[in-house]
Amino acid sequence: MTNSQNILEVNDLVKHFPIHRGFFRKVVGQVRAVDGVSFHIRRGECLGLVGESGCGKTTVGRCIIRLLDPTSGSLAFRANGETKHLAQLESEELKEVRRDIAMVFQDPYSSLDPKMTIADVIAEPLHIHQIGSRRERMESVAELLRTVGLSPYQMNRYPHEFSGGQRQRIGIARALALRPRLIVCDEPVSALDVSVQAQVLNLLSDLQDEFDLTFLFIAHDLNVVEYMSHRVMVMYLGKIVEMADAEAIYKTPKHPYSEALLMAIPIPDPRSPIQRVPLEGGVPDPSNPPPGCAFHPRCQHAKDICRQETPELVAKEGTEHYVACHLADELDLMGYEARSKMANG
C-alpha cells in the first residue's frame, strides 16, 4: 500500500469476458468490461462510481469482492494493519478477508433466498464463519434488524412478505452481520421508489458514521452519488474518464461525458427554458471499442487526436482532479450548478 490512509488500492484492473462461438466453443474475441482501472479508497470515505448501464461499474465491484476473478491487475486491501492482495488469495484466505468486505446488491428481492426466513438470511454469514451459538446468532439478528429500522418480531417472515425498501434494509443488515470495514453498494436504491430511496440513503449515511464504514457506492443517478460521496469517479466503456471531489465534478466537470451526465439531471421546474441535450448514438461495443478516446464517436468537441490517441488519466496541475481528455484544458464545460442558475434566471 502506498498510503496508510487507503483501505483499498486498485491498480490497472482488467476484466475481459471471452466470446465463444462454434461447436467447439472457440474463443473469437473478448468483451472488455473493465479495461485498466486504477483508483484508491481512503478509510472512512464514500467513493462514488457513476456511469451508464454497461460501462463496467458492477464488474469493478464484483472483482473487488472476488465474485468475479480479475483477468489482471492488483487489488490491495488493508485490514488489521496487514495488506492482502485480493486477486491472489485462495479460497480459505479469501473467506477470512470476506469478513471485512461485504456487498449490498442492486435487486433486494433476487439477492435474498425466498425459501429462507429473514433470520436465516441475516445469520448466514455468522453461520458460515462459525460465530456464536444459535441463540447468540438470533440475538445478533435482532440487533441488526433494529439497527436498520426493522422489528425483531419480523425475523421469522420470508422475503416476499416485505416491501422493496424493507428487503433492501434486510440486505444491508446481512452486509453488516460480520462488521465489515468496506461495503460495496451496487446501485442499492435504483430499484426503489424515490421516497424510499431517501430513507435508505439516510440509513446508509447514518450507518457509515456509526460503524466507521468505507463505501464504494455504485450508481447511475448523479444526484444520489453527489448526496452520498466524498469523491466521484466517472466511468465510460470500461475506463475511468474523470475522478475528483464530488463538488468539483458537479461544479466544474472537465470531461464532456461528465457534462453530458450532469445535463441529464432534470431541472425541478417544468417551465425551465433549459432543455436537455441528449448524447447522439449509443455506447460502443465493448468487444470492439473505437480507436483513440472511446467517447469520441459521441463527443461534439472531438478532434483528430481524439480519434487516434487514447488519453491518459492525469491530474490537473496542483489538484486531485483527474481527467482523461486531450481537450480538458481547452473546453469550458457547464456544471449542474451553473445550469440550474441559468434555468432559474
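As the structure is a computational prediction, the values presented were derived from the model and not from experiment. (Residues numbered from 1 in each chain as written. Predicted model: local features only at pLDDT ≥ 70, side-chain atom pairs only at ≥ 80, totals over all residues. Heavy atoms only, no water.)

Student: What is the right way to read the overall build of the protein from this model?
Tutor: Scanning the protein from N- to C-terminus turns up 11 helices and 12 strands. Radius of gyration (C-alpha) of the protein: 21 Å, near the 20 Å computed for a compact globule of 345 residues. C-alpha extents for the protein along the principal axes are approximately 65 × 55 × 45 Å. Burial status across the protein gives 49% buried among its 345 residues. Considering only contacts in the protein between residues 6 or more positions apart, those separated by 24 or more positions represent 66%. Looking at the protein as shown, the accessible area adds up to about 17200 Å², and 47% of this sits on carbon and sulfur atoms. With 38 positive and 45 negative side-chain charges, the protein shows a spacing of 5 Å between the two charge centroids. (Helix = DSSP H or I, 4+ residues; strand = E, 2+ residues; numbered from the N terminus. Rg over C-alpha atoms; globule rule 2.2 N^0.38 Å. Buried < 20%, exposed > 50% of the residue type's maximum accessible area, 1.4 Å probe, protein only. Contact = heavy atoms within 4.5 Å. Areas by Shrake-Rupley, 256 points an atom, 1.4 Å probe, with all protein chains shown as cover. Lys, Arg positive; Asp, Glu negative; His and termini not counted. Charge placed at Lys NZ, Arg CZ, Asp CG, Glu CD.)

Student: What should I look at first to understand a negative patch on the surface in this one?
Tutor: A contiguous patch of negative charge on the surface is contributed by Asp 206, Asp 209, Glu 210 and Asp 212. Relative to the helices and strands, Glu 210 is located in helix H6 (residues 194-211). Since its relative accessible area comes to 54%, Glu 210 is described here as exposed. (Patch = residues over 30% accessible without salt bridge, like charges linked within 9 Å, V, L, I, M, F, W, Y side chains within 5 Å. Salt bridge = Lys/Arg side-chain N within 4 Å of Asp/Glu carboxyl O.)

Student: Explain the side chain of His 129 to me, please; I cannot follow it from the model alone.
Tutor: Inspection of the secondary structure assignment puts His 129 in the loop between helix H3 (118-128) and helix H4 (134-147). Its relative accessible area of 14% is what places His 129 among the buried residues. Once residues within four sequence positions are removed from consideration, His 129 is found in contact with Lys 95, Arg 99 and Leu 178.

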